[in-house]
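What the coordinates show
As a plain string of letters, each chain reads:
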Amino acid sequence: MNIAEPADEIQIIGLECFGHHGVFDFERREGQKFIIDLVIGTDSRRAAETDDLHDTVDYGSLAMAVKTSVERDPVDLIETLAQRIADICLADIRALWVRVTVHKPGAPIEATFKDVTLTITRRQST
């Protein structure tokens with residue numbers, strides 16, 4: 001992070017969604033739980049000044065947009081899903097960057113494990 005950039009972050013942690021993503025037929029057919037963590041870099045000074053929701057990233061609306069996106073249009077890879085989510089977050093120009101973690105705790109692995117995750121970080125295009 002550039003020292004001149006604001007260090008403000010909005011976090012949405014543990015957003016539960018049910019999707020039909022995966023490369024195997026049974027994943028597409030039966031679906032499974034996905035958990036999404038978001039960290040959005042923003043400059044919150046204007047919102048703090050005005051006390052107006054229109055001057056910040058509306059995390060309630062963002063959470064619902066992400067949930068809706070995860071729960072429709074299945075894809076094979078969590079990489080594709082994470083990029084889709086990042087694009088949704090960065091559609092708001094007040095989001096300077098986003099870190100998206102997609103958890104797939106029901107991943108088809110024939111071993112004992114707690115979770116599979118992918119984390120990506122994306123910035124606004126300039």
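Residues numbered from 1 in each chain as written. Predicted model: local features only at pLDDT ≥ 70, side-chain atom pairs only at ≥ 80, totals over all residues. Heavy atoms only, no water.

1. A closer look at the overall build of the chain
Of regular secondary structure, the chain possesses 4 helices and 4 strands. Starting at the N terminus and walking to the C terminus, you meet the elements of the chain as β-α-β-α-α-α-β-β. With respect to the three principal axes, the spread of C-alpha positions in the chain is 50 × 25 × 25 Å. Taking all 126 residues of the chain together, 40% fall into the buried category. Considering only intrachain contacts with a sequence separation of at least 6, the fraction spanning at least 24 residues in the chain is 61%. Per element, the accessible surface of the chain, about 7600 Å² overall, is 53% carbon and sulfur. (Helix = DSSP H or I, 4+ residues; strand = E, 2+ residues; numbered from the N terminus. Buried < 20%, exposed > 50% of the residue type's maximum accessible area, 1.4 Å probe, protein only. Contact = heavy atoms within 4.5 Å. Areas by Shrake-Rupley, 256 points an atom, 1.4 Å probe, with all protein chains shown as cover.)

2. Structural notes on the nonpolar core
In terms of nonpolar packing, the biggest core is built from 27 residues, with Ile36, Leu38, Val66, Ile85, Val100 and Val102 touching the most fellow members. Of all elements in the fold, only strand E1 (8–19), strand E2 (32–42), helix H3 (59–70), helix H4 (78–90), strand E3 (97–103) and strand E4 (117–123) reach the threshold of two or more residues within this core. Among the elements that take part in this core, H4 stands out by supplying 7 residues, more than any other. Excluding its chain neighbours within four sequence positions, the residues that come into contact with Val100 are Asp37, Leu38, Ala82, Ile85, Ala86, Leu118, Thr119 and Ile120. (Core = buried A, V, L, I, M, F, W, Y, C linked by side-chain atoms within 4.5 Å.)

3. Section: H3
For H3, with 12 residues, the first-to-last C-alpha span of 16 Å sits near the 16 Å given by 1.5 Å per residue. Considered for burial, the residues of H3 that qualify are Leu62, Ala63, Val66, Ser69 and Val70. Buried residues of H3 fall within an arc of 130° about the axis and therefore sit on the same side. Where H3 is buried, its residues contact E1, E2 and H4. The N-cap of H3, judged by a side-chain oxygen 3.1 Å from the amide nitrogen of Gly60 a few residues on, is Asp58. (Expected span 1.5 Å × (residues − 1). Arc of directions from axis to C-beta. Polar contact = N/O pair within 3.5 Å; in protein donor to acceptor, adjacent residues only side chain to side chain.)

4. Here's the deal with unusual backbone geometry
It is generally the case that most residues other than glycine have a negative phi and that most peptide bonds are trans. For Asp51, which is not glycine, the phi torsion reads 60° and is therefore positive. Among the secondary structure elements, Asp51 is positioned in the loop between helix H2 (45–50) and H3. One non-glycine residue, Asp73, lies in the positive phi region at around 45°. With respect to the secondary-structure elements, Asp73 resides in the loop between H3 and H4.

5. Concerning the pattern of salt bridges
Inspection of every chain in the model, using the stated rule, returns 9 salt bridges. Asp55 serves as the salt-bridge partner of Arg46, at 3.9 Å between the closest nitrogen and oxygen. Residue Lys67 pairs with Glu71 through a salt bridge whose shortest N-O separation is 2.7 Å. Of the residues examined, Glu71 reaches a relative accessible area of 36% and is grouped as partly exposed. (Salt bridge = Lys/Arg side-chain N within 4 Å of Asp/Glu carboxyl O.)

6. Digging into the UniProt feature "domain: Dihydroneopterin aldolase/epimerase" (unreviewed entry) in the chain
The positions UniProt marks with the feature "domain: Dihydroneopterin aldolase/epimerase" (unreviewed entry) are residues 10–122. Within residues 10–122, the helical portion is 33% and the strand portion 30%, while the C-alpha atoms at the span's ends are 15 Å from each other. (UniProt positions renumbered as here; feature names shortened; annotations may be inferred.)

7. Things to note about the sheet that holds E4
In space, the 4 strands of this open sheet follow the order E1-E2-E3-E4, with antiparallel pairing throughout. Each edge of the open sheet carries a strand with a single partner, namely E1 and E4. Taken pair by pair, the neighbouring strands of this sheet meet at an average axis angle of 15°, ignoring direction. Sheet analysis places E3 next to E4, joined by 7 bridges and oriented antiparallel. Among the inter-strand pairings, Val100 is bridged to a residue of E4, identified as Ile120. (Pairing = 2+ DSSP bridges. Axes fitted to C-alpha atoms, helices over the stretch in contact; angles between N-to-C directions.)

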